[in-house]
Amino acid sequence: MPLFGLLSHSPAVDVVVVLVATGFIWFGSGWLETSAERLSAYYGLPPVVQGSVIVAIGSSFPELSSVVFAALAGVFDMGVGAIVGSAIFNILVIPALSGLASDRSLESNRTLVYKEAQFYMIAVSVLVVTFALAVIYAPAPDATLVGYITRPLAVLPLLLYGLYTFIQWQDVADSEAASVDDGVPVIRRWLLLAAGLVVILLAVEQLVGSVEALSHSFGVPDFLAGVTVVAAATSLPDLIVSVRSARGGNSLTSLANVFGSNTFDLLVAIPVGVLIIGSVPIDFATAVPMMGVLTLATILLFAALRTDLSLSRNEAYLLALGYLLFVVWVVAETVGVTNLIR
């Protein structure tokens, strides 16, 4: 029930709750991201690791929360949709807006392109393999191309993320970045980070419940509701931190946050939902077309970054156009014009 049972569900109430919850997600993410950024500087983490791990995990907490609450509410498809939709939003919209917000091209480097981007592409592949294994080894008895992701299968992407963090830890050990103390007590930064997490947790719980009610009211499938509304709302923290970093001249942190956040979402957020519930169904025919779009979006961004190791304004416009086409396709699927998602 909206507002923890104080109100009853209705389209008008649910729309207001979605808007208010989105505002609180933005508010709590500001606390969380600022604290994560300052703590990263305090502990002397290099920019790529700061963006791809610390800031990325912090800004990905809304996506993680959406999966957990969607799984607990019995609408895991919405949670998966939110993750995939958020990943597409992150890959196309965030670099585009970051590039347009900056006075110059976003500079990349070989570490970002050949480590972060390629590892993220591996993460996409491993998640598709996990979905396929669910259909093969734990098929639903009364449905075609529907399988159950079990806890043993969920461990597979988690192991890959363990490898990712090990590689990042090795890079931190090899780094000689100096510690930066802004004069604020470290314990205060940790407390502010924890407060941001609590605000986000409560806001996402309300957001998922209201989006679920709206999707049922208007006959929108849970997966498509997750891909659009929940994905856009939970991607706000990633958008804010990346654009702010780009405007501040720190393009490496801005771009690394995109890849690191998506890697965390795919390899940790979805498996955590499975570990909590124990076994969740996944519709392979619904999920794979979206994963295909995500793969195409990743290839587009990878090619743009590899060109002169930078992202120009024209390439930023191209990424934005790619997302616009994705939204048009999702609307076409919803109203029945196309039928690629089955």
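**A word on the pattern of salt bridges**
Line of reasoning, step 1. Within the structure shown, the criterion is met by 1 salt bridge.
Line of reasoning, step 2. Across the salt bridge formed by Glu116 and Lys115, the nearest N and O atoms sit 3.4 Å from each other.
Line of reasoning, step 3. Taking relative accessible area as the criterion, Glu116 reaches 0% and is therefore assigned buried.
Line of reasoning, step 4. Judged by its relative accessible area of 17%, Lys115 falls in the buried class.

**Examining helix α8 (residues 186-218)**
Line of reasoning, step 1. The terminal C-alpha atoms of α8 lie 48 Å apart, and with 33 residues this matches the ideal 48 Å at 1.5 Å per residue to within 8%.
Line of reasoning, step 2. Immediately beyond the C-terminal end of α8, within one or two residues, lies Gly219, with a positive phi of roughly 70°.

**Overview of the packing of aromatic side chains**
Line of reasoning, step 1. Taken as a whole and assessed by the stated rule, the structure comprises 8 aromatic pairs.
Line of reasoning, step 2. Geometrically, the ring pair formed by Tyr161 and Phe264 is edge-to-face, given 5.7 Å between the ring centres and 75° between the ring planes. Here Tyr161, found in helix α7 (residues 151-174), pairs with Phe264, found in helix α11 (residues 251-277); they are 103 residues apart in sequence, far enough to count as distant.
Line of reasoning, step 3. Here a set of aromatic residues connected by ring pairs shows up, and it is made of Phe89, Tyr323, Phe326 and Trp329.

Basis of the calculations
- Residues numbered from 1 in each chain as written.
- Predicted model: local features only at pLDDT ≥ 70, side-chain atom pairs only at ≥ 80, totals over all residues.
- Heavy atoms only, no water.
- Salt bridge = Lys/Arg side-chain N within 4 Å of Asp/Glu carboxyl O.
- Buried < 20%, exposed > 50% of the residue type's maximum accessible area, 1.4 Å probe, protein only.
- Helix = DSSP H or I, 4+ residues; strand = E, 2+ residues; numbered from the N terminus.
- Expected span 1.5 Å × (residues − 1).
- Phe/Tyr/Trp six-rings, centres within 6.5 Å; stacked < 30°, edge-to-face > 60°.

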